[in-house]
Amino acid sequence: MNQTLYSPLIFELSHPGRKGYSLPENKWKVAHATEELPETLRRQGGLDTLPEADELTVARHYTNMSGNNFGIDTGFYPLGSCTMKYNPKINEELAALPGFTELHPDADDADVQGALELYDTLQSALAEIGGMSRFTLNPYAGAHGELTGLMVISSYHRHRGDAKRTKIIVPDSAHGTNPASAAVCGFQVVQVSSTPEGTVDVEALKPLLGDDIAGMMMTNPNTLGIFETRIPEIAKLVHDCGGLMYYDGANLNPMLGVCRPGDMGFDVMHINLHKTFSTPHGGGGPGSGPVGVRSGLEAFLPGPVVEKDPATGLYRRTSKPDSLGSVSSNLGNFGILVRALAWILAMGRENLPLAAKISVLNANYVKENLRDYYALPIEGICKHEFVFDGMRAEYGGSHSDASHITTLEVAKRLLDYGFHAPTIYFPLLFHESMMIEPTESESKETLDKFIDVLKKIALEARETPHLLRTAPQSTPVRRLDDVKAVKDARFTYTPEVN
Amino acid sequence: MAKVIDGLFYSESHEYVKVEGEFAYVGITDYAQEQLGNIVYVDMPSEGDEVTAGEEFGAVESVKAAGDLVSPVSGEIVEVNEALEDNSELVNQDAFANWIIKVKLSDPSELDNLMDAEAYRKAIQ
């Protein structure tokens, strides 16, 4: 009932004159925007449409609405390539310490030694985990890290006086952010195809290499969850032509503490703290995308950098002359850095590889239990995630039949059973991609329930397909019109005119 | 099954070419629109731009994915289909009637590198 009473928009719950506060009489001069602010800085109308409601109504409205949200604390969230692992509560406790929350970004270095030490401790921990020389923790998110990393590559070539290198090679299985980041950085994107086994086609790569190649971006394991075993050979080819290797850290989770991008020949990498290092993700952000570089590239990292003065033993923020500049205000999303370091220290060196291995075990367990029901295009052991190409033909997933059961319908039906949908229609290598990543956080019982439900959905598809066609039935809103959402987007409230 | 029209030329990246004299109409195939799903935006070049065979000239975005448009032919763009600016769903309704660009062919021999309808039917099976 509460859902119904308080679920209208806050604008629709508005009554003129209602408010949740009372202010004492103003004894001071009243400032009017019309007198104090130039025309260009003043809101042009619209104030009269701001909602007016009492505090209790506001509290119920938002409390009820928050119950409609789905997060890792409410249920299983197998969103492929997103590593939706548990965000331990101790991270939040530590990040909420007043010493961190009350930091001012412009405080004197002498007054924030603890925070600077935390930054330096985390950067050296990530450098050890990644096999890199140094990290900047300043970028705000994964794609921001990619852009920063590519700017490092660009700075490196420019610093050598080599202006010919205008191209970046990206595999066709790459995350869409790779070509996008390269384009934003001013590079031309060259695509390299995959083999039928789902890994980079080394023979197709060779003819692309030349003195116009600035570098190559790779994800390992790739977006199909397959480990790229020919990395040393690929790295040698790219290095021999003068390019650098960029590691997209989106899929670092199954390698954590087991193997290192730096040892595989990568020169620059980013890490998503909000994936691999247990900080909030998916509406709960913000993110953080630290960038690491091998020895010899440190000078190009963005400022400020944190370093310890050997003479005084004190930490300080500085900027380097060859730095690519600043990519963020100050030291990035600092609160996220606190959470990531808390997780690393709680896990310890001995347990980080365990997280990686269990994430691989969980993914293979789900895959092997479902392969008789869903089409598995790539055989073999996957790493932390895997991709189905829709439902198997005998359950109604045949692609040659126009009325086949689609991945979208399976994803929508999963919502009815209380699970978040997997990533769908990515990677683009298959028509009905369904990308599942369970992470190490989930218990066997949860995985078994998920497997049972996906089997049940396959049986429904064969016997009662309308349940999939009309799903979801049990969510606050049903099937959304995603075309209208894109083409007729409305970002401001306008009252219904009757 | 996706529609394939005889007499047109087809590229591996699912564009079609319909030749009329020295001009060619370029669009995406019925198979491509079917795979993309509901198309919400077509990013088109401008009239007068040059296109090169094998290079991108725009992009098409659907609720599922975004893909580059790769020109199967070279030449000058003499017309773009402006109707698609506001009504991208026309491509879903009839991909062959709703071409994207009209090109004045600079090298008609490039058409020899493309597939005919029969070869394209096999390619999408």
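Residues numbered from 1 in each chain as written. Chains lettered and ligands numbered in written order. Predicted model: local features only at pLDDT ≥ 70, side-chain atom pairs only at ≥ 80, totals over all residues.

**Student:** Can you tell me about the overall build of chain B, naming the residues and giving the values?
**Tutor:** Per the secondary structure count, chain B includes 4 helices and 9 strands. Here chain B has a C-alpha radius of gyration of 13 Å; the compact-globule value for 125 residues is 14 Å, and the two agree. Viewed in the frame of its principal axes, chain B has a C-alpha envelope of about 35 × 35 × 20 Å. Taken across its 125 residues, chain B has 39% of its residues classed as buried. (Helix = DSSP H or I, 4+ residues; strand = E, 2+ residues; numbered from the N terminus. Rg over C-alpha atoms; globule rule 2.2 N^0.38 Å. Buried ≥ 20, exposed ≤ 12 C-beta atoms within 10 Å, placed from the backbone.)

**Student:** Go over the overall build of chain A, please, and point to the residues and values.
**Tutor:** Scanning chain A from terminus to terminus reveals 17 helices and 12 strands. Scaling as 2.2 N^0.38, a compact globule of 498 residues should have a C-alpha radius of gyration of about 23 Å, and chain A matches this with 26 Å. Oriented by its inertia axes, the alpha-carbon framework of chain A measures out at about 75 × 75 × 45 Å. Within chain A, residue pairs in contact and separated by at least 24 positions form 72% of the contacts whose partners lie at least 6 positions apart. (Contact = placed C-beta atoms within 7 Å.)

**Student:** Which residues make up the sheet that holds strand β4 (residues 39–43) of chain B, and what values go with them?
**Tutor:** Think of a sheet as strands paired side by side through backbone hydrogen bonds, with each pair either parallel or antiparallel. Residue and element names in this part refer to chain B. With respect to topology, 3 strands assemble into an open sheet ordered β4-β6-β7, the strand pairing being antiparallel. Either end of the sheet is taken by a strand with one partner, and the two such strands are β4 and β7 (66–70). For this sheet the average axis-to-axis angle between neighbouring strands, irrespective of direction, equals 20°. When β4 meets strand β6 (residues 56–62), the two strands line up antiparallel, connected through 4 bridges. Within β6, the position partnered with D43 by the bridge is A59. (Pairing = 2+ DSSP bridges. Axes fitted to C-alpha atoms, helices over the stretch in contact; angles between N-to-C directions.)

**Student:** Got a sec to walk through the sheet that holds strand β4 (residues 213–219) of chain A? Specific residues and values, please.
**Tutor:** Residue and element names in this part refer to chain A. Here we have 7 strands laid out as an open sheet, ordered β1-β7-β6-β5-β4-β2-β3, and mixed in their pairing. Whereas interior strands pair on both sides, the edge strands pair on one side only; in this sheet they are β1 (134–136) and β3 (188–192). Geometrically, the sheet is characterised by an average inter-axis angle of 25° between neighbouring strands, direction not taken into account. The pairing of β1 with strand β7 (residues 291–293) spans 3 bridges and is classified as antiparallel.

**Student:** Outline the pairing of strand β12 (residues 433–436) of chain A, listing residues and values.
**Tutor:** Residue and element names in this part refer to chain A. Along β12, one buried face is formed by S433 and M435 and the opposite face, lined by M434 and I436, is buried too. Bridge analysis of strand β10 (residues 386–389) against β12 gives 4 bridges, and the strand direction is antiparallel. Within β12, the residue paired with F388 across the bridge is M434.

**Student:** Requested: an account of the pairing of strand β6 (residues 268–271) of chain A, with residues and values cited.
**Tutor:** Residues and elements named next belong to chain A. Every second residue of β6 is oriented toward a common face, with V268 and H270 on one face and M269 and I271 on the other, all of them buried. Summarising the sheet, strand β5 (residues 244–249) and β6 pair through 4 bridges and their orientation is parallel. In the strand pairing of β6, D248 is matched with H270. The pairing of β6 with β7 spans 3 bridges and is classified as antiparallel. For V268, the partnering residue across the bridge sits in β7 and is V293.

**Student:** Kindly report on unusual backbone geometry, identifying the contributing residues and their values.
**Tutor:** Residues and elements named next belong to chain A. Put simply, G303 and P304 share a cis peptide bond, and its omega is -5°. Considering the arrangement of structural elements, one finds P304 in the loop between β7 and β8 (305–308). Look at the link from A471 to P472: it is a cis peptide, with omega at -5°. Within the fold, P472 resides in the loop between α16 (466–469) and α17 (482–487). The phi dihedral of N330 falls on the positive side, at around 55°, and the residue is not glycine. Looking at the element boundaries, N330 is found in the loop between β9 (315–318) and α13 (334–370). According to the C-beta neighbour criterion, N330 is partly exposed, with 14 such atoms within 10 Å. Residues other than glycine seldom take positive phi values, yet Y425 does so here, at roughly 55°.

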